[in-house]
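In case you want the letters, here they are:
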Amino acid sequence: ILIISLICAVIIWFIFMLNTSARPRVFTEVPITINYSDAALENGIKIYNQSYSTADISVSGSSLVVNKLTAEDFEVTASFSPSSTKVGGNTIQEDILTLKVTKKNTYADYEISSFSPEEITIQYDRAKEITLPISDSEINYTTEGSYHAESPVLSDTSVTISGPESSVNKVSRVAAVYEFTDPIREEANITCELTLYGQDDKPITDYAGLYLELSANTVEVTIPVYSQKTVPLRPDPINAPKGFAESRITVEPETIDIVGTEAELAKIAEITLDSPINFNDVDLTNTTFTRDISIPSGVKSLSGDEMTTATVNVNLNGYVSAEFTATNFIKLNAPAGKDVKVNTTSL
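Below or above, wherever it landed, is the structure these notes cover. As the structure is a computational prediction, the values presented were derived from the model and not from experiment. (Residues numbered from 1 in each chain as written. Predicted model: local features only at pLDDT ≥ 70, side-chain atom pairs only at ≥ 80, totals over all residues. Heavy atoms only, no water.)

## Comments concerning the nonpolar core
Of all hydrophobic cores here, the largest spans 28 residues; its most connected members are Ile161, Leu194, Leu196, Val221 and Ile223. Only β8 (119–135), β12 (158–164), β13 (171–179), β14 (188–198), α5 (207–210) and β17 (218–223) provide two or more residues apiece to this core. When residues in this core are grouped by element, the largest group, 5 residues, is from β14. (Core = buried A, V, L, I, M, F, W, Y, C linked by side-chain atoms within 4.5 Å. Buried < 20%, exposed > 50% of the residue type's maximum accessible area, 1.4 Å probe, protein only. Helix = DSSP H or I, 4+ residues; strand = E, 2+ residues; numbered from the N terminus.)

Structure, rendered in structure tokens:
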């Protein structure tokens, strides 16, 4: 009797549960899926913001069935089919989409009582992507004394910006921004924030509000710093007349600025110009010569390609030109036993 009673009780309980409706059950944060039309996909139109990304669903029905359900048993969708003629690249568009909830299972003994929200507001535009160079013009630094800083070296030279066409069109340039408070005396390695500038050349501060995304938000920057030294440029005269004053030979420019390590700069007191100034080539009408400047290895010129040659001037003020005829040729050191005759009689 006890066994039969237990079996009957279980059967009665199942029958009761099957015929008893559970209190409405709410499933929260069910993801909202937006289905794009083919036209929207072909025109590159994209939703950049929506008022809700999930929905809450209230379900009622048989207790046995309702208690088995999970949020994965439901699908919340909206259809997105915008008109491409409304998208002009000037401003982001807004629209309202109606949500639809469907069952993803075969259970029959329950129904969807309600869901919230029933509509969502979206913002959309045609997607656009551009790549701009990263400028170092907003990295501000100074040096002092005998130090020289080279141009900054950036780990990335460009950045890709993507987002709504109306927002991307507002961007004119990208710059790495950093401000040094003290003069730099050695190589500096820093991380710089990237800043977008608008068509008015003012910084754009609200990236999120424009739904813009950057391929990188920072860039690594190295600023090489070297010691600086000014050294004279020296000519290399040969065959100069005896007693010819060195002050009569001048070089323009007189000096050149070079940079390098302190050890390398200590080895260099002056730089001698390429190719000697041969006085056999100097006369009253030929006193100016151009010579190349060769920078020693281990250092480099601050002028770069702007100063690769120097001009050498030979001052012959007070000098005159004269021509003499030589006729008296004297033989010296003639070999013994040889008859030597000078054929030239006049020179």
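## Let's talk about the packing of aromatic side chains
Counting across every chain of the model gives 8 aromatic pairs. Between Phe27 and Phe74, the ring centres sit 5.2 Å apart and the planes meet at 45°, which makes this aromatic pair tilted. Note that Phe27 is positioned in strand β1 (residues 21–36) and Phe74 in strand β4 (residues 74–80), a separation of 47 residues in sequence. Classification of Phe74 as buried rests on a relative accessible area of 3%. Among the aromatic side chains, those forming a connected cluster through ring pairs are Phe27, Phe74 and Tyr110. Sitting above the plane of the Tyr110 ring, Lys103 keeps its charged end 4.0 Å from the centroid. (Phe/Tyr/Trp six-rings, centres within 6.5 Å; stacked < 30°, edge-to-face > 60°. Lys NZ or Arg CZ within 6 Å of the ring centre and 35° of its normal.)

## Notes on the pattern of salt bridges
In a structure, side chains of opposite charge can pair up when their charged atoms sit close to one another. Enumeration according to the criterion identifies 7 salt bridges in this entry. Between Glu270 and Arg234 there is a salt bridge; the shortest N-O distance is 3.0 Å. Here Arg234 lies in strand β18 (residues 225–234) and Glu270 lies in the loop between α6 (262–266) and β22 (271–272), a separation of 36 residues in the sequence. You can call Glu270 partly exposed: its relative accessible area is 39%. Each of Glu138, Arg173 and Asp201 takes part in salt bridges that share partners, so that together they form one network. (Salt bridge = Lys/Arg side-chain N within 4 Å of Asp/Glu carboxyl O.)

## What to know about the environment of Tyr107
Here Tyr107 is to be found in the loop between β6 (100–103) and β7 (110–116). Tyr107 sits in the partly exposed class, given a relative accessible area of 35%. Tyr107 sits 38 residues away from Gly145 along the chain, and the two C-alpha atoms are 84 Å apart. Among all residues touching Tyr107, those that are not within four sequence positions of it are Val65, Lys68 and Leu69. (Contact = heavy atoms within 4.5 Å.)

## Description of a nonpolar patch on the surface
Among the surface-exposed residues, Ile3, Ile7 and Ile11 lie close enough to one another that they form a single nonpolar patch of about 310 Å² accessible area. Within the element layout of this structure, Ile11 appears in helix α1 (residues 2–18). Looking at Ile11, the relative accessible area reads 46%, which means it is partly exposed. (Patch = residues over 30% accessible without salt bridge, like charges linked within 9 Å, V, L, I, M, F, W, Y side chains within 5 Å. Areas by Shrake-Rupley, 256 points an atom, 1.4 Å probe, with all protein chains shown as cover.)

## Considerations on the side chain of Gln93
Mapped onto the elements of the fold, Gln93 is located in strand β5 (residues 93–98). Classification of Gln93 as buried rests on a relative accessible area of 17%. Looking at Gln93, its side chain comes within polar contact range of the main-chain oxygen of Thr91, at 3.2 Å. (Polar contact = N/O pair within 3.5 Å; in protein donor to acceptor, adjacent residues only side chain to side chain.)

## Focus: the sheet that holds strand β24 (residues 288–292)
Ordered in space as β20-β26-β24, the 3 strands form an open sheet in which the pairing is antiparallel. Bordering the open sheet on either side are β20 (249–252) and β24, each of which pairs with just one other strand. Pairs of neighbouring strands in the sheet enclose a mean axial angle of 25°, with direction left out of account. In terms of strand pairing, β24 meets strand β26 (residues 309–314) through 5 bridges, oriented antiparallel. Pairing of Thr290 across the sheet is with Thr311, part of β26. (Pairing = 2+ DSSP bridges. Axes fitted to C-alpha atoms, helices over the stretch in contact; angles between N-to-C directions.)

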